[in-house]
Amino acid sequence: QRPARVADPVPERAWSPRVTQRAALMARRSKLRVGVPRVLYMYGYAPLFSAYLESLGVTAGRIVYSDVTTDELYRAGCSRGAIDPCFPSKVVLAHVHNLVFAKHARAPLDCLFFPMFDVVTSPVVGKPRPNACPTITVTPETVKAAFTKERDVFADQGIRYVSPLLDLSDRRLFSLQMLEAWAPILGLSVEENDRAVAAGFHALEAWEADLRRRARRT
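Now for a look at the structure at hand. Starting afresh in each chain, residues are numbered from 1 along the sequence in its written order. The model is predicted, so local features are restricted to residues of pLDDT at least 70 and side-chain atom pairs to those at 80 or more, both for listing and for counting; the totals for chains, interfaces and linings are taken over all residues. Where side-chain values are given, they derive from all heavy atoms of the structure, hydrogens and water being excluded.

Details of the overall build of the protein
Selection rule: Helical segments are the DSSP runs of H or I of at least four residues, strand segments are the runs of E of at least two, and each set is numbered from the N terminus. Values of the radius of gyration come from C-alpha atoms, whereas the globule rule sets the reference at 2.2 Å times the count of residues to the power 0.38. For the exposure calls, accessible area comes from a 1.4 Å probe over protein chains only, and a residue counts as buried if that area is under 20% of its type's maximum, exposed if over 50%, partly exposed in between. By the convention used here, residues are in contact when the closest approach between their heavy atoms is within 4.5 Å. The Shrake-Rupley method, run with a 1.4 Å probe sphere, supplies the accessible areas, and residue values consider only the shown protein chains as cover. His is not counted here, nor are the chain ends, while Lys and Arg score as positive and Asp and Glu score as negative. To locate a charge, take NZ of a lysine, CZ of an arginine, CG of an aspartate or CD of a glutamate.
When helices and strands are tallied, the protein shows nine helices and six strands. For 218 residues, the compact-globule formula gives about 17 Å, and the C-alpha radius of gyration of the protein, at 18 Å, lands near that figure. When burial is assessed residue by residue, the protein has 44% of its 218 residues classed as buried. Residue pairs in contact within the protein that sit at least 24 positions apart in sequence constitute 74% of those at least 6 positions apart. Working note: accessible area of the protein is about 11800 Å², and carbon and sulfur atoms make up 54% of it. Taking the 30 positively charged and 22 negatively charged side chains of the protein as two groups, their mean positions are separated by 4 Å.

Looking at the packing of aromatic side chains
Stated precisely, the cut-off is as follows: Side-chain rings of Phe, Tyr and Trp, where Trp is taken by its six-membered ring, are said to pair if the distance between their centres is within 6.5 Å; with planes under 30 degrees apart they count as stacked, over 60 as edge-to-face, and otherwise as tilted. For a Lys NZ or an Arg CZ to count as sitting over a ring, it must be within 6 Å of the ring centre and within 35 degrees of the ring normal.
If you walk through the whole model with that rule in mind, you get eleven aromatic pairs. Seen in terms of ring centroids, Tyr45 and Phe117 are 5.7 Å apart; in terms of plane orientation they differ by 25°. Their pairing is stacked. Highlighted residues: Tyr45 in helix 2 (residues 42-55) and Phe117 in strand 4 (residues 116-119), separated in sequence by 72 residues. Taking relative accessible area as the criterion, Tyr45 reaches 6% and is therefore assigned buried. A cation sits over an aromatic face here: Arg171 above Phe201, 3.7 Å from the ring centre.

Some remarks on the packing of helix 2 against helix 9 (residues 190-217)
For clarity, the threshold we go by: Helix axes are fitted only over the stretch in contact, all axes being lines through C-alpha atoms; the angle between N-to-C directions runs from 0 to 180 degrees. Working rule for angles: under 35 degrees goes down as roughly parallel, over 145 as roughly antiparallel, 65 to 115 as roughly perpendicular, anything else as oblique. The handedness criterion is simple: a crossing whose near helix is rotated anticlockwise from the far helix by less than a right angle is left-handed, and one whose near helix is rotated clockwise is right-handed. When residue character is reported, Ala, Val, Leu, Ile, Met, Phe, Trp, Tyr, Cys and Pro are called nonpolar, Asp, Glu, Lys and Arg charged, and the others, Gly included, polar.
Interhelical geometry of helix 2 versus helix 9 gives an angle of 140° and a closest axis separation of 7 Å. Classed by the angle they form, the pair helix 2 and helix 9 counts as oblique. Taken as a pair, helix 2 and helix 9 cross one another with a handedness that is right-handed. Between helix 2 and helix 9, the contacting residues are Tyr43, Gly44, Tyr45, Pro47, Leu48, Ala51, Tyr52 and Ser55 on the first element and Asn193, Ala196, Val197, Ala199, Gly200, Phe201, Ala203, Leu204 and Trp207 on the second. Class assignment of the residues belonging to the contact of helix 2 with helix 9 gives a composition of 13 nonpolar, four polar and no charged.

Examining the packing of helix 5 (residues 92-106) against helix 6 (residues 134-148)
Running from N to C, helix 5 and helix 6 cross one another at 55°; their axes reach a closest spacing of 10 Å. In terms of orientation, helix 5 lies oblique with respect to helix 6. The crossing of helix 5 and helix 6 is right-handed. Packed against helix 5, whose contacting residues are Val92, Leu93, Val96, His97 and Phe101, the element helix 6 presents Thr139, Val143, Ala146 and Phe147 at the interface. Classifying every residue of the contact of helix 5 with helix 6 by side-chain character gives seven nonpolar, two polar and no charged.

What about the pattern of salt bridges?
Selection criterion: Within this document, salt bridges are pairs made up of a side-chain nitrogen of Lys or Arg and a carboxyl oxygen of Asp or Glu, the two lying within 4 Å of each other.
By the definition in use, this model includes 13 salt bridges. In this structure, Arg2 engages Glu54 in a salt bridge whose closest nitrogen and oxygen atoms are separated by 3.3 Å. Placement of Arg2 in the segment before helix 1 (17-27) and of Glu54 in helix 2 is noted, with a sequence separation of 52 residues between them. You can call Arg2 exposed: its relative accessible area is 60%.

What to know about the sheet that holds strand 5 (residues 160-162)
Through backbone hydrogen bonds, the strands of a sheet pair up, either in parallel or in antiparallel fashion. Formally: In this scheme, strands are said to pair when DSSP sees at least two bridges between them.
Taken in spatial order, the four strands of this open sheet run 2-1-3-5, and their pairing is parallel. In the strand order of this sheet, the two ends are held by strand 2 (63-65) and strand 5, each with one partner. The average angle at which neighbouring strand axes cross in this sheet is 25°, direction not considered. One ladder, built from two bridges, connects strand 1 (residues 34-36) with strand 3 (residues 111-113); its direction is parallel. By the bridge assignment for strand 3, Val34 is matched with Cys111. The strands touched by helix 5 within the sheet are strand 1, strand 2 and strand 3, with strand 2 carrying the most contacts at an inclination of about 120°.

Considering the nonpolar core
Defined as follows: To form a nonpolar core, buried Ala, Val, Leu, Ile, Met, Phe, Trp, Tyr and Cys residues must be joined to one another through side-chain atoms within 4.5 Å.
One finds Phe49, Tyr52, Phe113, Phe174, Trp182 and Leu186 to be the most contacted residues of the largest nonpolar core, which totals 35 residues. Counting only elements with at least two residues in this core, the list comes to strand 1, helix 2, strand 2, strand 3, helix 8 (171-186) and helix 9. Once residues within four sequence positions are removed from consideration, Phe174 is found in contact with Leu48, Phe49, Leu166, Asp167, Leu168, Val197 and Phe201. By size, the runner-up hydrophobic cluster in this structure holds 16 residues, among which are Val39, Val96, Leu99 and Phe147.

Nothing here speaks to function; it is geometry throughout.
Structure, rendered in structure tokens:
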């Protein structure tokens, strides 16, 4: 089920350069193409981020995930290398390569969204804050370094790299972090960003509830 639209209406009149700029960004949302690596925590939180973007007017078909991990995908994109022994982190380079040199080549991406997870969610009550694995947290920075060390591949391809640090356990902080990341791209207001975050968490909760139902049946 697609999330309901929660976006502000595009201003009909612009009384200042700031409003003019925001109106232009808002009008562009339906044409924006966002690449997302199909890796790490993005498997679990894809419903949240997809619903967040869709509720703001980004078309579902323009949220582009990298292909599923295969031997071929890894071999095609592993040449940049990573000394980290963690394969889930190392394979991310291949997924970003897939987005930049396969998906982007077919239809240009405007930005690549790969957030850093600081604290995640947990259904367990009364436990300490569930911090993400440190290696996974900084993987987006490792990827950025690999793709900008010799030359900035993202800049060459005209792709904006969006990599905010996120705390999913604190809804207010998460809303602020998403606002700072997406306001320059989508022309967000505080209110519509908050509504989109609520839509994202609603989608995540519905998806997790469905998983639990299927697990119980199994």
